Amino acid sequence: MDIIKVAVLAVTGVLLALILKQTKPEYSVFLSMAVCILIFLYLLSRLQTVLGYVQQLEAFVNIDGVYLDTILKMLGITYVTQFASDICKDAGYSAISSQIELFARVSILFLSFPVLMALVETIGEVL
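**Considering the pattern of salt bridges**
Right, on to step 1. What the rule picks out here adds up to two salt bridges.
Right, on to step 2. Here Arg-46 and Asp-2 are joined by a salt bridge, their closest N and O atoms 3.2 Å apart. Residue Arg-46 is located in helix H2 (residues 25-60), and its partner Asp-2 is located in helix H1 (residues 2-23); the two are separated by 44 residues in the primary sequence.
Right, on to step 3. Classification of Arg-46 as partly exposed rests on a relative accessible area of 44%.
Right, on to step 4. Of the residues examined, Asp-2 reaches a relative accessible area of 26% and is grouped as partly exposed.

Have a look at this one:
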């Protein structure tokens, strides 16, 4: 079970970071970042499987690939944003974290406009 591996890695990292925080607080932040990066890299390796399923779905259903690509880009933005934002918050830089989140919201809004325009055109054709 993958979740058990990730949970053990996370809890071990937190316990080590707590021990380091007493003697070398700056190293505990680096350890926390390293654990986050390891979990994120493991997640990326698992996402390849998901992309294969999305490609199968696209082949079965007559959906324009642009829409699925847009959705996957939006999901990617949210995952990367959450990852970067949490690391900034853990390091004590909440202002930078907020700016990352704001940039992600605007990026997703920018990506969604072509889909929104296609939806409005489709509704216009039906009416």
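**So, a nonpolar patch on the surface**
Right, on to step 1. Taken together, the side chains of Leu-109, Phe-113, Leu-116, Leu-119, Val-120, Ile-123, Val-126 and Leu-127 present a nonpolar region at the surface, about 840 Å² in accessible area.
Right, on to step 2. Structurally, the position occupied by Phe-113 is in helix H4 (residues 94-126).
Right, on to step 3. For Phe-113, a relative accessible area of 41% corresponds to the partly exposed category.

**A short note on helix H3 (residues 65-90)**
Right, on to step 1. Here H3 spans 37 Å end to end across 26 residues, near enough to the 38 Å set by a 1.5 Å rise per residue.
Right, on to step 2. Considered for burial, the residues of H3 that qualify are Gly-65, Leu-68, Thr-70, Met-74, Thr-81, Ser-85, Ile-87 and Cys-88.
Right, on to step 3. Those residues of H3 hidden inside the fold are in contact with H2 and H4.

**Things to note about the confidence of the model for the chain**
Right, on to step 1. Here the chain averages 86 in pLDDT, and 100% of its residues register 70 or above.
Right, on to step 2. Per-residue pLDDT, averaged within each element of the chain, yields its smallest value for H2 (84) and its largest for H4 (90).

**Description of the packing of H3 against H4**
Right, on to step 1. Remark: H3 packs on H4, axes separated minimally by 8 Å, with the N-to-C direction vectors making an angle of 175°. Taken as axis vectors, H3 and H4 run roughly antiparallel relative to one another. The segment H3 lies against H4, with Tyr-67, Thr-70, Lys-73, Met-74, Ile-77, Thr-78, Thr-81, Ala-84, Ser-85, Cys-88 and Lys-89 engaging Ser-94, Ile-96, Ser-97, Ile-100, Glu-101, Ala-104, Ser-107, Ile-108, Leu-111, Ser-112, Val-115 and Ala-118.
Right, on to step 2. Within the contact of H3 with H4, the residues separate by chemical class into twelve nonpolar, eight polar and three charged.

Parameters and conventions
- Residues numbered from 1 in each chain as written.
- Predicted model: local features only at pLDDT ≥ 70, side-chain atom pairs only at ≥ 80, totals over all residues.
- Heavy atoms only, no water.
- Salt bridge = Lys/Arg side-chain N within 4 Å of Asp/Glu carboxyl O.
- Helix = DSSP H or I, 4+ residues; strand = E, 2+ residues; numbered from the N terminus.
- Buried < 20%, exposed > 50% of the residue type's maximum accessible area, 1.4 Å probe, protein only.
- Patch = residues over 30% accessible without salt bridge, like charges linked within 9 Å, V, L, I, M, F, W, Y side chains within 5 Å.
- Areas by Shrake-Rupley, 256 points an atom, 1.4 Å probe, with all protein chains shown as cover.
- Expected span 1.5 Å × (residues − 1).
- Contact = heavy atoms within 4.5 Å.
- pLDDT = per-residue confidence, 0-100.
- Axes fitted to C-alpha atoms, helices over the stretch in contact; angles between N-to-C directions.
- Parallel < 35°, antiparallel > 145°, perpendicular 65-115°, else oblique.
- Nonpolar A, V, L, I, M, F, W, Y, C, P; charged D, E, K, R; others polar.

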